[in-house]
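# Summary of the model geometry
The chain contents come next:
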Amino acid sequence: MLKLKCKDAGFDCGFVVKGKTEDEIMQKAAEHAMKDHAMKPEDMTPEMKEKIRKLIHKSWF
Ligand SMILES: [Zn+2]
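Below, the structure is looked at part by part. This is a predicted model, so every value here is computed, not measured.

What counts, and where the lines are drawn
- Residues numbered from 1 in each chain as written.
- Predicted model: local features only at pLDDT ≥ 70, side-chain atom pairs only at ≥ 80, totals over all residues.
- Heavy atoms only, no water.
- Pairing = 2+ DSSP bridges.
- Helix = DSSP H or I, 4+ residues; strand = E, 2+ residues; numbered from the N terminus.
- Donors = N, O, S within 2.8 Å, 3.2 Å for Na, K, Ca; no water.
- Tetrahedral: all angles 85-135°; square planar, octahedral: opposite > 155°, others 65-115°.
- Buried < 20%, exposed > 50% of the residue type's maximum accessible area, 1.4 Å probe, protein only.
- Contact = heavy atoms within 4.5 Å.
- Axes fitted to C-alpha atoms, helices over the stretch in contact; angles between N-to-C directions.

Moving on, we get to the pairing of strand β1 (residues 2-5). In the sheet, β1 pairs with strand β2 (residues 16-19) via 4 bridges, with the strands oriented antiparallel. Note on β2: the bridge partner recorded for K5 is V16.

In structure tokens form, the structure reads like this:
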């Protein structure tokens, strides 16, 4: 299981994205960011994605 804390991406937010693969996490994180943080698809730049990808960590829970 992989996890990504929204807080680690710089948002004041308790949302945690969970998934089996990095791609799944990226997909869910993008949906969450657009829905709850008013991010636009054009805000998801390659740089932003790379930054977020590095925040994904493994979790056994
Ligand atoms: Zn969030």
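Right, let's talk about the coordination of the zinc ion for a bit. The protein atoms that coordinate the zinc ion are C6 (SG), C13 (SG), H32 (NE2) and H37 (NE2), at distances spanning 2.0 to 2.3 Å. Classification of the site at the zinc ion as tetrahedral follows from its 4 donor atoms and the range of 105 to 113 degrees in their angles at the metal. Positions of the donor residues of the zinc ion, expressed as sequence spacing, correspond to C-x6-C-x18-H-x4-H. Classification of C13 as buried rests on a relative accessible area of 16%.

Reading across the sheet, the 3 strands line up as β2-β1-β3 and stay open at both edges, with antiparallel pairing between neighbours. The open sheet has two edge strands with one neighbour each: β2 and β3 (57-58). As paired elements, β1 and β3 share 2 bridges and run antiparallel to each other. In the strand pairing of β3, K3 is matched with H57. Sitting on the sheet, helix α1 (residues 22-36) is in contact with β1 and β2, with an inclination near 145 degrees to β2.

Along the polypeptide, S59 turns up in the segment after β3. On the basis of relative accessibility, which here comes to 9%, the residue S59 falls in the buried class. Each residue touching S59, except ones within four places of it in the same chain, is listed here: M1 and K3.

Our next topic: the environment of K3. Position of K3 relative to the elements: it lies in strand β1. Look at K3 and you get buried, because its relative accessible area is 18%. In sequence terms K3 and V17 are 14 residues apart; their C-alpha atoms lie 5.6 Å from each other.

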